[in-house]
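Survey of secondary and tertiary structure
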Amino acid sequence: MGRTMRTPIIAGNWKLNNTISEAVALTTALKDLVADCTGVEIIVAPTFTALATVSDVIKGSNIRLAAQDVYWEESGAFTGEVSVPMLKDVGCDYVIIGHSERRQYFGETNESVNQKAKAVLSHDLQPIVCVGEQLEDREAGRTEEVINDHVTGGIAGLSAAQLLSGVIAYEPVWAIGTGKTATPAQAQEVHGYIRKLLKDAYSDEIASQIRIQYGGSVKPENAAELMAQPDVDGALVGGASLQAESFAQIVKNAL
Ligand code: 13P
């Protein structure tokens with residue numbers, strides 16, 4: 001099965017940006033710009049505080065909602081956390097899990113990623129599981145080792161059907177927010193490796209169906225050549241998703 005069988009998926013990770021009114025302005029502009037885009041899944045991931053409002057703005061549109069993180073317990077004495085049923089209630093379809101910033105600054109581990117992925121799947125939402133090596137890993141020739149560790153740890157114990165409900169996002173840490181995009185060949189090399197890992201762990205058929213996004217300084221100018229790689233099925237966009245025009249252009253360049 002080639003890439004054409006996998007629907008491209010472009011997600012905007014807004015990170016710690018946008019008040020509610022800014023989120024409304026951005027989403028309203030984006031909605032118009034991508035109204036005619038078909039054959040691509042378009043996702044925005046606002047902060048928790050803007051989810052409910054953005055959920056209202058995108059109602060009836062071709063934009064879907066993601067959260068940037070979640071906790072695996074459903075309710076209880078876990079001050080500061082947000083659960084999967086709460087995200088479902090507010091209209092999320094997707095949850096980003098294991099972003100490198102959460103691994104780096106907030107103690108996210110493969111084990112917590114795995115618990116979160118299982119919780120998300122158990123409520124029929126879709127996890128976007130992020131993996132990616134740091135610059136020193138790459139320079140020391142450890143890229144595959146780190147990717148193997150993140151992928152196998154993050155998806156441990158998932159059934160084939162569960163795996164297919166999710167998305168994997170390859171985000172080399174050295175390319176995030178640095179303006180230094182992985183070359184299409186570098187992205188393809190790791191995406192191909194991830195697909196091989198999934199083939200070995202599940203089957204050729206499963207591996208060929210799962211979508212793998214690339215993230216790290218994706219811009220309108222480089223989206224098309226990244227998306228042209230056989231194993232790159234979409235983009236997880238940070239900075240360029242904060243402007244409606246540039247995010248819409250990435251969506252269009254991915255088609
Ligand atoms: P940038 O597009 O700003 O490099 O961020 C990528 C990212 O981390 C998306 O999750």
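To keep things clear, this report deals only with the structure shown in the data block. (Residues numbered from 1 in each chain as written. Predicted model: local features only at pLDDT ≥ 70, side-chain atom pairs only at ≥ 80, totals over all residues. Heavy atoms only, no water.)

As a structural note, the neighbourhood of the ligand is formed by 13 residues, with Lys15, His99, Gly177, Ser217 and Gly239 the closest of them. Histidine 99 places a side-chain nitrogen or oxygen 2.8 Å from an oxygen atom of the ligand. A distance of 2.8 Å separates an oxygen atom of the ligand from a polar atom in the backbone of glycine 239. With the chains in place, 94% of the 310 Å² that the ligand exposes on its own is no longer accessible. Tallied by class, the residues present in the shell around the ligand amount to four nonpolar, seven polar and two charged. (Near = heavy atom within 4 Å. Polar contact = N/O pair within 3.5 Å; in protein donor to acceptor, adjacent residues only side chain to side chain. Areas by Shrake-Rupley, 256 points an atom, 1.4 Å probe, with all protein chains shown as cover. Nonpolar A, V, L, I, M, F, W, Y, C, P; charged D, E, K, R; others polar.)

This next bit is on the side chain of asparagine 110. Following the sequence through the fold, asparagine 110 ends up in helix H5 (residues 110–122). For asparagine 110, the side chain forms a polar contact with the side chain of aspartate 149, separated by 3.1 Å. The contact partners of asparagine 110, leaving out residues within four places of it in the chain, are Arg103, Asp149, His150, Gly153 and Gly154. (Helix = DSSP H or I, 4+ residues; strand = E, 2+ residues; numbered from the N terminus. Contact = heavy atoms within 4.5 Å.)

It helps to recall that an α-helix has 3.6 residues per turn; residues three or four apart then point in one direction. Among the residues of helix H11 (residues 220–227), Pro220, Asn222, Ala223, Leu226 and Met227 are the ones counted as buried. Projected down its long axis, H11 shows its buried positions confined to an angular sector of 155°, all on one face. In the core, the buried residues of H11 are packed alongside strand S1 (9–13), helix H9 (184–201), strand S7 (211–215), strand S8 (234–237) and helix H12 (244–253). (Buried < 20%, exposed > 50% of the residue type's maximum accessible area, 1.4 Å probe, protein only. Arc of directions from axis to C-beta.)

A regular strand carries its side chains on alternate faces of the sheet. Of the two faces of strand S6 (residues 167–170), both are covered, the one formed by Val167 and Ala169 as well as the one formed by Ile168 and Tyr170. Strand direction decides the pairing type here: strand S5 (residues 126–131) and S6, joined by four bridges, are parallel. In the strand pairing of S6, cysteine 130 is matched with alanine 169. Across four bridges, the pairing between S6 and S7 is parallel. Within S7, the residue paired with tyrosine 170 across the bridge is tyrosine 214. (Pairing = 2+ DSSP bridges.)

Bringing the nonpolar core into the picture now. Membership of the largest hydrophobic core comes to 67 residues, with the highest contact counts inside it found for Ile10, Leu87, Val151, Ile194, Leu198 and Tyr214. Broken down by element, the residue count for this core peaks at six residues, all from H9. In terms of nonpolar packing, the next biggest core, distinct from the first, is built from 12 residues, Ile9, Ala11, Ala45 and Leu236 among them. (Core = buried A, V, L, I, M, F, W, Y, C linked by side-chain atoms within 4.5 Å.)

Next up on the list: the sheet that holds S1. The strand order around the closed barrel formed by eight strands is S1-S2-S3-S4-S5-S6-S7-S8, and the pairing between neighbours is parallel. Each strand of the sheet is rotated relative to its neighbour by a mean of 25°, with strand direction disregarded. One ladder, built from three bridges, connects strand S2 (residues 41–45) with strand S3 (residues 63–67); its direction is parallel. Within the sheet, the bridge partner assigned to valine 44 lies in S3 and is leucine 65. Its contacts with the sheet place H5 against strand S4 (94–97) and S5, and it is angled at close to 160° to S5. Packing of H12 onto the sheet brings it into contact with S1, S2 and S8, and relative to S1 it is tilted by some 160°. (Axes fitted to C-alpha atoms, helices over the stretch in contact; angles between N-to-C directions.)

Among the secondary structure elements, isoleucine 97 is positioned in strand S4. Relative accessible area serves as the criterion here: at 0%, isoleucine 97 is assigned to the buried category. Isoleucine 97 sits 19 residues away from lysine 116 along the chain, and the two C-alpha atoms are 7.1 Å apart. Excluding its chain neighbours within four sequence positions, the residues that come into contact with isoleucine 97 are Val113, Lys116, Ala117, Val120, Pro127, Ile128, Val129 and Cys130.

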